[in-house]
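The primary structure of each chain is shown beneath.
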Amino acid sequence: MRMDDQEVRERVGRVETLLEAIEALQDPRAQATAAEAVQALLELYGEGLVRMMQIVGELSGAQIVDAFAADELIAHLLLLHGLHPVDLQTRVLQALEEVRPYLESHGGNVELVSVEGGVARLRLQGSCHGCPSSSMTLKLAIEQAIQEAAPDLERIEAEGLVEPALPTGFVPLTAIQTNARQPLPEPSGSWMVAGALPQIAGGGLVLKEIGGQPVLFLNLAGDFFAYQHICPGCGQSLERGSLLADELACGGCRRCYDVRHAGRCVGTPHLNLEPIPLLVSQSGIVKVALGSAIS
């Protein structure tokens, strides 16, 4: 809600009082922590305002609104104040569209049933037979995409098919019976930024170390994929492999793997590359979830 000038002056006075209270704290560690938190907030908001002014200077009208919504930091600030120009349901739909190619590559899909009372209800479709990390990769991809687009969502509920039996300790996307509903479990794995990957902007593959772990990135006609880089057939690195249409050929044993379909080995069904969950933001930044693929 917009404040009038008097309310603004009162809020400024309140902020000054709170800052004085921080300076008066007897515990040096508490004082330092509080001061650091305030400074971090000031820097964050300041960067957001800089970006907003740059956008205003370059665009006009509806373009400004769209550009504000597309900038991750500005969108975050707008969400904090309930000012985001795109409604919750539309943002959830956009998130699912962004992750849909990845889901389809694992033999799955997702449908938005409804968004009511801060709860998004999803219907999961299909499964990835022969891919043991399917449940985890799909779960992480869906949760991360929605969390980034709609952090103001209270929870996610899903209905769908149960995956085939998985190794001990592996958490399925939804440990549910068909048509039963319950919230998705907490995501595991750690999402890390890989960057824009300019090395494969026009297509191809590149091996890049992310968080101390080598990750094989591939770009097929604008669709990005990530896999562990070891060939399950011969144990050699796929860094020197070659792409033939949608298939990755190992430079050692020459076995081919279907990149778009969870890395299944062509002609040898029991061999499968290990997929790593991947998302691409609206600004073209690639993120991967490490610690989720089965070794």
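Definitions and limits used
- Residues numbered from 1 in each chain as written.
- Predicted model: local features only at pLDDT ≥ 70, side-chain atom pairs only at ≥ 80, totals over all residues.
- Heavy atoms only, no water.
- Buried < 20%, exposed > 50% of the residue type's maximum accessible area, 1.4 Å probe, protein only.
- Helix = DSSP H or I, 4+ residues; strand = E, 2+ residues; numbered from the N terminus.
- Pairing = 2+ DSSP bridges.
- Core = buried A, V, L, I, M, F, W, Y, C linked by side-chain atoms within 4.5 Å.
- Contact = heavy atoms within 4.5 Å.
- Axes fitted to C-alpha atoms, helices over the stretch in contact; angles between N-to-C directions.
- Parallel < 35°, antiparallel > 145°, perpendicular 65-115°, else oblique.
- Left-handed = near helix turned anticlockwise from the far one by under 90°.
- Nonpolar A, V, L, I, M, F, W, Y, C, P; charged D, E, K, R; others polar.

A. Structural context of helix 4 (residues 72–80). Within the sequence span of helix 4, burial applies to Leu73, Ile74, Ala75, Leu77, Leu78 and Leu79. Just downstream of helix 4, Gly82 is the residue with a positive phi angle, here 65°.

B. Looking closely at the sheet that holds strand 9 (residues 242–244). Strand order in this open sheet of four strands is 9-10-11-12, and the pairing throughout is antiparallel. Single-partner strands in this sheet number two, and they are strand 9 and strand 12 (264–265). Sheet topology note: the strand 10 (residues 247–249)/strand 11 (residues 256–258) ladder contains three bridges and is antiparallel. Directly across from Ala249, in strand 11, lies its bridge partner Cys256.

C. Up close: the nonpolar core. Counting residues in each nonpolar core, the largest one holds 23 residues, and the members touching the most others are Val92, Leu122, Ile146 and Leu153. Elements that contribute at least two residues to this core include exactly helix 5 (88–105), strand 1 (108–116), strand 2 (119–126), helix 6 (134–149) and strand 3 (155–159). With seven residues, helix 5 is the largest single contributor of residues to this core. Beyond its immediate sequence surroundings of up to four residues, Leu153 is in contact with Leu88, Val92, Val115, Gly118, Val119, Ala120 and Ile146.

D. Molecular detail of the packing of helix 2 (residues 28–58) against helix 4. The contact between helix 2 and helix 4 brings their axes to 9 Å, and the two run at 115°. Classified by the angle their axes make, helix 2 and helix 4 are roughly perpendicular. Considering how the two elements wind past one another, helix 2 and helix 4 form a crossing that is left-handed. For the pair helix 2 and helix 4, contact is made by Leu44, Tyr45, Glu47, Gly48, Arg51, Met52 and Ile55 and by Leu73, Ile74, His76, Leu77 and Leu80, respectively. Across the contact of helix 2 with helix 4, the residue classes tally to eight nonpolar, two polar and two charged.

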